[in-house]
Amino acid sequence: MANSLYDLFIRVSAQDAASGVLGNIQSKVSTLAGRMANFGLASAGLQTMASSLSDVSGKFTEYEADLAAVGAITGQTGKELEKIGSDARQLAKDFGGSASDNLKSFQGILSKFGVDQFKAAPEALATIARNINTLSAASGDSAAQSMDVIANSMLQMGINTNDAGLAAKTSSEYINILAGSAQVGSAEIPQVGAAILQAGVAAKSVNMNFLETNTALQVLGKGGKYGSEAGVALRNVLNLMIKA
């Protein structure tokens, strides 16, 4: 751009020098510089627009890929799959994030819990996904983290996730317990989730419910044990109780 400006300056100077009008040279150089500056701004604007369009295109492509992945898991097509996409977009509108994030949560739920029960009860899948978003918003964790904590906790505690209605109802109970225990205790929700992976089955075997298990893990957190370390410690204690 600098070379172009210099060349144009020379041409204008040569023309006006012949007539001896120095003022015209200065005026034309200023005008040319202004036009080039405007061109630069316009070019930057076009680049910004192109970048924005590329982002939108990328997000749409990701959404379509995630929706297709859900369809591949469920075997659903047409209006049934469109309904799942609509639910994902509504959750994104209600909680923020993207529809793709919610479709990934759907994929995680279906992969962990199974598919058939939710085909007959799509509202149950939507309820679990809404609970995932609620927990994510309350904790500040990602939807993926919240999905893992809720799903893994339900599986470890022996919840019959083949019953879509029960799975949805339990997910509502669990998010309240997780959020409540994190508020009054020192272990954060992902740490509780990691602990449940270690201790959940043992807790279930001695008839501890989810609230009692969370309480025990928060007590261990007060003593400086978090996450998997807390889960292993609780599991060891419970195994001793089983053997006694």
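Scroll up for the structure.
All residue numbers refer to positions counted from 1 along the written sequence of the respective chain. With pLDDT at 70 or above as the cut-off, local features in this predicted model cover only qualifying residues; side-chain atom pairs require 80 or more to be listed or tallied, and sums for whole chains, interfaces and linings still use all residues. Side-chain descriptors were evaluated using all non-hydrogen atoms of the structure, hydrogens and water having been removed beforehand.

Asks: Where do I start with the environment of Ala138 in this structure?
Replies: Turning to its location among the elements, Ala138 is positioned in helix H6 (residues 122-139). By relative accessible area, which is 61% here, Ala138 ends up exposed. Put simply, Ala138 and Ile175 are 37 residues apart on the chain and 9.6 Å apart in space, counted from C-alpha to C-alpha. Strands here mean DSSP runs of E at least two residues long; helices mean DSSP runs of H or I at least four residues long; both are numbered from the N terminus. Only protein chains enter the calculation, and the probe is 1.4 Å; a residue is then buried if its accessible area is under 20% of its type maximum, exposed if over 50%, and partly exposed in between.

Asks: It is not clear to me how the side chain of Asn152 should be interpreted in this structure. Could you clarify?
Replies: Its location among the elements puts Asn152 in helix H7 (residues 143-156). Separated by 3.0 Å, the side chains of Asn152 and Lys112 make a polar contact. What Asn152 contacts, discounting residues up to four positions off in sequence, is Lys112 and Leu197. Here a polar contact is recorded for every N or O atom pair within 3.5 Å, except that within protein the pair must consist of a potential hydrogen donor and a potential acceptor, and residues adjacent in sequence are included only if both atoms are side-chain atoms. Any two residues having at least one pair of non-hydrogen atoms within 4.5 Å are treated as being in contact.

Asks: Just checking my understanding: could you explain the packing of H6 against helix H8 (residues 164-184) for this structure?
Replies: Between two packed helices, what matters for the description is the angle formed by their axes and the separation of those axes. Where H6 meets H8, the axes come as close as 8 Å, and the angle between the chain directions of the two elements is 10 degrees. Accordingly, the angle class assigned to the pair H6 and H8 is roughly parallel. Listed contacts from H8 to Ala124, Thr127, Ile128, Asn131, Thr134 and Leu135 of H6 are Ala164, Gly165, Ala167, Ala168, Ser171, Ser172, Ile175, Leu178 and Ala179. Note on residue classes: Ala, Val, Leu, Ile, Met, Phe, Trp, Tyr, Cys and Pro are nonpolar, Asp, Glu, Lys and Arg are charged, and everything else, Gly too, is polar. Of the residues belonging to the contact of H6 with H8, the class tally is nine nonpolar, six polar and no charged. Working convention: axes come from line fits to C-alpha atoms, limited for helices to the stretch in contact. Angles between N-to-C directions cover 0 to 180 degrees. Our angle categories are set so that under 35 degrees counts as roughly parallel, over 145 as roughly antiparallel, 65 to 115 as roughly perpendicular, and the remainder as oblique.

Asks: What is the right way to read the packing of helix H9 (residues 189-205) against helix H10 (residues 210-222) from this model?
Replies: Close contact between H9 and H10 brings their axes to 10 Å; oriented N to C, the two are set at 125 degrees. If you check the angle between H9 and H10, you find them oblique. Handedness of the H9/H10 crossing: right-handed. When H9 is examined against H10, the residues Val192, Ala195, Ile196 and Ala203 are found in contact with a partner set consisting of Phe210, Thr213, Asn214, Leu217 and Gln218. The class makeup of the residues in the contact of H9 with H10 is six nonpolar, three polar and no charged. Left-handed describes a crossing in which the near helix is turned anticlockwise from the far one by less than a right angle; the clockwise case is right-handed.

Spatial relationships are all this shows, so hold off on functional conclusions.
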